[in-house]
Amino acid sequence: SAYIMEEIPAEINFPIGRLSFRESTPGDKEIKQADNMVAFLDASDIVFPIILRKWKTGDYFYPLGMRKKKKIARFLIDLKKSKGEKENTWVLESGKRIIWIVGLRIDDRFKIMPSTSVIYRMEFLPNQ
């Protein structure tokens, strides 16, 4: 099953937790890329609708800090994820491009740059 966002702000409850989306500004003091549960993305490259879905075979993205694409299957293997963790991995997709492997890594193509003027803040709150 997939969940579709037509606009922000938005909040989505899905099987493994909750995602919240809002706009942020470059001056936002909380912007730090170290926390994998929060993604800060350059809004200028993101088109609606944004789709939240489970990853599937063949999906790829450009992991933050990398210039070349990587299959999500390989990315999860490299992280030594269990079968159960792999089955519960979700992605956010915009314009047929994956922008975030939820709770793990953003796509390098959507990272914040010095020129970024509008930022989307996406936070994942896993079920306890």
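All of the points below concern the structure found in this document. In this text the structure is predicted, and so the values were computed from the model without any measurement.

**Comments concerning the packing of aromatic side chains**
- For the structure shown, the criterion picks out 7 aromatic pairs.
- Measuring from ring centre to ring centre gives 5.9 Å for Tyr3 and Trp90, while their planes differ by 45 degrees; the resulting arrangement is tilted. Here Trp90 lies in strand 8 (residues 90-94) and Tyr3 lies in strand 1 (residues 3-5), a separation of 87 residues in the sequence.
- Centroid distance Phe14 to Trp90: 4.9 Å. Interplanar angle 70 degrees. Geometry classified as edge-to-face. With Phe14 in strand 2 (residues 10-14) and Trp90 in strand 8, the pair connects residues that are 76 residues apart, well separated along the chain. Note on accessibility: Phe14 and Trp90 belong to one class, buried.

**Some details on the environment of Leu52**
- Position of Leu52 among the secondary structure elements: in strand 5 (residues 50-54).
- Residue Leu52 is classed as buried on the basis of its relative accessible area of 0%.
- Considering only alpha carbons, one finds Leu52 and Leu92, 40 residues apart in sequence, at a separation of 4.6 Å.

**Here we look at the pattern of salt bridges**
- Inspection of every chain in the model, using the stated rule, returns 10 salt bridges.
- Among the salt bridges present, the one from Asp78 reaches Lys70, with a minimum N-O distance of 2.7 Å.
- For Asp78, a relative accessible area of 39% puts it in the partly exposed group.
- Residue classification places Lys70 among the buried residues on the basis of a relative accessible area of 18%.
- The residue Glu87 makes a salt bridge to Lys83 at a minimum N-O spacing of 2.6 Å.

**Points about the side chain of Arg121**
- Note that Arg121 resides in strand 11 (residues 119-126).
- Looking at Arg121, the relative accessible area reads 9%, which means it is buried.
- At 3.0 Å, the side chain of Arg121 and the side chain of Glu123 are in polar contact.

**Regarding the nonpolar core**
- Counting residues in hydrophobic clusters, the biggest one holds 24 residues, and the most contacted among them are Leu19, Phe21, Leu92, Ile99, Trp100 and Met122.
- At the level of elements, strand 2, strand 3 (17-24), strand 4 (38-42), strand 5, strand 8, strand 9 (97-101) and strand 11 are the ones that each hand at least two residues to this core.
- Apart from the residues lying within four places of it in its own chain, the contact partners of Met122 are Ser20, Phe21, Met37, Val38, Ala39, Leu41, Ile50, Leu92, Ile99 and Trp100.
- Listed in part, the 9 residues of the second largest apolar core include Phe61, Val91, Ile101 and Leu104.

**Topic: the pairing of strand 9**
- For strand 9, the tally of buried residues reaches 4 of 5 residues, placing the bulk of the element in the interior.
- Linking two consecutive strands that pair antiparallel, namely strand 8 and strand 9, is a turn of 2 residues; a positive phi of about 55 degrees is found at Gly95 within it.
- By the bridge criterion, 2 bridges tie strand 9 to strand 10 (residues 105-106) in an arrangement that is antiparallel. Note that in strand 10 the partner of Ile101 across the bridge is Arg105.

Analysis parameters
- Residues numbered from 1 in each chain as written.
- Predicted model: local features only at pLDDT ≥ 70, side-chain atom pairs only at ≥ 80, totals over all residues.
- Heavy atoms only, no water.
- Phe/Tyr/Trp six-rings, centres within 6.5 Å; stacked < 30°, edge-to-face > 60°.
- Helix = DSSP H or I, 4+ residues; strand = E, 2+ residues; numbered from the N terminus.
- Buried < 20%, exposed > 50% of the residue type's maximum accessible area, 1.4 Å probe, protein only.
- Salt bridge = Lys/Arg side-chain N within 4 Å of Asp/Glu carboxyl O.
- Polar contact = N/O pair within 3.5 Å; in protein donor to acceptor, adjacent residues only side chain to side chain.
- Core = buried A, V, L, I, M, F, W, Y, C linked by side-chain atoms within 4.5 Å.
- Contact = heavy atoms within 4.5 Å.
- Pairing = 2+ DSSP bridges.

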